Every structure is written in C-alpha cells, then in structure tokens.
Amino acid sequence: DAGVTQSPTHLIKTRGQQVTLRCSPKSGHDTVSWYQQALGQGPQFIFQYYEEEERQRGNFPDRFSGHQFPNYSSELNVNALLLGDSALYLCASQWSGELFFGEGSRLTVL
Amino acid sequence: AQTVTQSQPEMSVQEAETVTLSCTYDTSESDYYLFWYKQPPSRQMILVIRQEAYKQQNATENRFSVNFQKAAKSFSLKISDSQLGDAAMYFCAYRPRAFTDKLIFGTGTRLQVFP
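This section reports on the structure supplied with the text. Computed from a prediction, not measured in an experiment: that's the story for all the values here.

## Comments concerning the nonpolar core
- Ranked by size, the top nonpolar core spans 26 residues in total, and within it Tyr25(B), Trp36(B), Phe75(B), Leu77(B) and Tyr90(B) carry the most contacts.
- Put simply, the parts of the chain that give this core at least two residues each are strand E3 (19-21), strand E5 (32-39), strand E6 (46-52), strand E8 (64-69), strand E9 (74-79), strand E10 (88-96) and strand E12 (109-114) of chain B.
- Sort the elements by how many residues they give to this core and E10(B) lands first, with four residues.
- Non-local contacts of Tyr25(B), meaning those with residues more than four positions away in its chain, are made with Thr3(B), Val4(B), Tyr32(B), Leu34(B), Phe68(B), Gln69(B), Lys70(B), Lys73(B), Ser74(B), Phe75(B) and Tyr94(B).
- Within the second largest apolar cluster, 20 residues are counted, among which are Leu11(A), Val19(A), Leu76(A) and Tyr89(A).

As structure tokens, then:
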C-alpha cells in the first residue's frame, strides 16, 4: 500500500512566478491537508480539502489556492511567489483522525 | 489563541539512556488531542504517540511514553532505551477535538543520539 506521495520533491522558482505542487493520498483516504514548514519551524496549516471542497483554511493569503480531484488527489497552487514562500510543503491525508504525511516538496524562491 | 511551545531547541542522549522532551500548550478548550511527531532527515512526519485529553492515563507506545499534565498544560515525551534511529526533529502538536482537523505545531526539538 503506497503512502502519501508528493511531487516534485525539489523545485526552484523566481519571485513572481507561479508553482503547482501535487499530492496523492493513501489509498481510501478522502481528506487532504497542506502544511507549510519554513526552515527551523514547525509546520503551519494552509488548508484542507474534503469531497473536492476547501473545508478549512489557515492564515494564508489568497495567493495560496488548492484543488481536490475526484480520485482525492490534490494540488496546491501558489501565485506571485515571494522569497518568504521558500519552505517545505507537506501534504497529509487523513483517516480516523490520524494524519499520514508525505515527504514534502522543497520549494526555493530566488 | 492556541499555541504550542517547545523550549528545548536541541537535546542529546547517549544510546540506551532515557531522554525527556518538553512541550507546553495554551488553550481554553477542555477536549482535545495532543501528539508527538518525529521528522527524520527524510522529512516525512511520523506519528510517535497520541494522547486524548479526556483520558487521564498517559499514553505509551513501546519505548515512548508521555507525561500529560492537563492542569499544567504540559505534555512531555519520554524516550527510553534510546537508539541511534531515534535521532530526528520531534514536534509536539495540538488539535481541538471538535470542529477542526487543523494541527498546531511547536517549533520542534532536535534530538541527537550518541553511541
């Protein structure tokens, strides 16, 4: 049984560009959350998707948007990238209250 | 606001010894979950142990146990018989039981294990 998979693992962008990160949840998991982990910090909640709808959102600007597909996979989009968006982006799928995390996508904004 | 504080940026322990990582949290909720997650260099967050606030008994998972003091809002993690593979970042996290699945994390403690 594959765990939570994320792609790409690393990417480099320049300020002002847009990025899309992808996540496939564990089989059968219908809820996906995204977290941003800046260097030396704990993860911060961006938003959660369930049944293709954004169910809850953290304190992130509208530049951060997402989508969930019928197969429960999810995308995180960030527009107009800023240097401060450099971070590890973690996806987690959920079952019975427990979160299962992927290995993250490391985004560097130059 | 709900916050989680880990006051030990780094800890070290010798193999086979015991180490305790500290965590305090602030909340006005009475029913919630507390977690300890391990993040090795592979970056994947792995759940170590979970405590439900309404349960007075401290959770235990093999070599890992917690000391949950609800009145003091303290939630420490004890690792017994430390192994080299325990070396990682450890994050304490909080989640209210109702209305949200959002986890609030502390800033982490880096644990080094020496042979």
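Right, picking up where we left off after that structure.
## Describing the sheet that holds strand E8 (residues 74-78) of chain A
Residues and elements named next belong to chain A.
- Pairing within the open sheet is antiparallel, and its four strands lie in the order E1-E3-E8-E7. Where the open sheet ends on each side, the last strands, each with one partner, are strand E1 (5-7) and strand E7 (64-68). Between one strand axis and the next, the sheet turns by 20° as a mean value, whatever way the strands run.
- For E1 and strand E3 (residues 19-24), the ladder comprises three bridges, and the chain directions are antiparallel.

## Some points on the interface of chain B and chain A
- Of the residues lining the interface, 17 residues belong to chain B; the matching set on chain A comes to 25 residues.
- Each partner contributes to the roughly 1,700 Å² buried at the junction of chain B and chain A, and carbon and sulfur atoms together form 47% of this total.
- Remark: the boundary between chain B and chain A carries one salt bridge.
- When the shortest N-O distance is used, the salt bridge between Arg55(A) and Asp101(B) registers 2.9 Å.
- Inspection of the chain B/chain A interface yields 11 residue pairs in polar contact (both at pLDDT 80 or more).
- Only E5, E6 and E10 of chain B provide two or more residues apiece to the side of chain B that touches chain A.
- In terms of residue class, the side of chain B that touches chain A is built from six nonpolar, six polar and five charged.

## Regarding the side chain of Arg95(B)
- Positionally, Arg95(B) belongs in strand E10.
- Not counting residues up to four positions away in its chain, the partners in contact with Arg95(B) are Gly97(A), Tyr32(B), Tyr33(B), Phe35(B), Thr100(B), Asp101(B), Lys102(B) and Leu103(B).

## Concerning the state of the cysteines
- Taken as a whole, this structure holds two disulfides over all chains when the rule is applied.
- Disulfide partner of Cys23(A): Cys91(A), at an S-S distance of 1.8 Å. Note on the Cys23(A) and Cys91(A) pair: the S-S dihedral is about -65°, so by sign convention the disulfide is left-handed. Note that Cys23(A) is positioned in strand E3 and Cys91(A) in strand E9 (residues 87-95), a separation of 68 residues in sequence.
- Since its relative accessible area comes to 2%, Cys23(A) is described here as buried.
- Note on cysteine connectivity: Cys23(B) is disulfide-linked to Cys92(B), with sulfurs 2.0 Å apart.

## Structural notes on the packing of aromatic side chains
- Here the structure, examined in full by the defined rule, presents 16 aromatic pairs over all chains.
- Centre to centre, the rings of Tyr35(A) and Phe105(B) are 5.8 Å apart; their planes meet at 90°, and the pair counts as edge-to-face. Residue Tyr35(A) is found in strand E4 (residues 31-37), and its partner Phe105(B) is found in strand E11 (residues 104-105); the two belong to separate chains.
- Since its relative accessible area comes to 9%, Phe105(B) is described here as buried.
- Plain terms: the ring middles of Tyr33(B) and Phe35(B) are 6.1 Å apart, the flat faces sit at 35° to each other, and that makes the pair tilted. Phe35(B) carries the same exposure label as Tyr33(B), and that label is buried.
- Aromatic rings pair up to connect Tyr35(A), Phe45(A), Phe101(A), Tyr33(B), Phe35(B), Tyr37(B), Phe91(B) and Phe105(B) into one cluster.
- Stacked on the ring of Phe100(A), the Lys or Arg Lys26(A) has its end atom at 5.3 Å from the ring centre.
- Positioned above the aromatic ring of Tyr50(A), the side-chain terminus of Arg55(A) is 4.6 Å from the ring centre.

The rules we used
Residues numbered from 1 in each chain as written. Chains lettered and ligands numbered in written order. Predicted model: local features only at pLDDT ≥ 70, side-chain atom pairs only at ≥ 80, totals over all residues. Heavy atoms only, no water. Core = buried A, V, L, I, M, F, W, Y, C linked by side-chain atoms within 4.5 Å. Buried < 20%, exposed > 50% of the residue type's maximum accessible area, 1.4 Å probe, protein only. Helix = DSSP H or I, 4+ residues; strand = E, 2+ residues; numbered from the N terminus. Contact = heavy atoms within 4.5 Å. Pairing = 2+ DSSP bridges. Axes fitted to C-alpha atoms, helices over the stretch in contact; angles between N-to-C directions. Buried area = accessible area lost by both parts, 1.4 Å probe. Salt bridge = Lys/Arg side-chain N within 4 Å of Asp/Glu carboxyl O. Polar contact = N/O pair within 3.5 Å; in protein donor to acceptor, adjacent residues only side chain to side chain. Nonpolar A, V, L, I, M, F, W, Y, C, P; charged D, E, K, R; others polar. Disulfide = S-S within 2.5 Å. Phe/Tyr/Trp six-rings, centres within 6.5 Å; stacked < 30°, edge-to-face > 60°. Lys NZ or Arg CZ within 6 Å of the ring centre and 35° of its normal.

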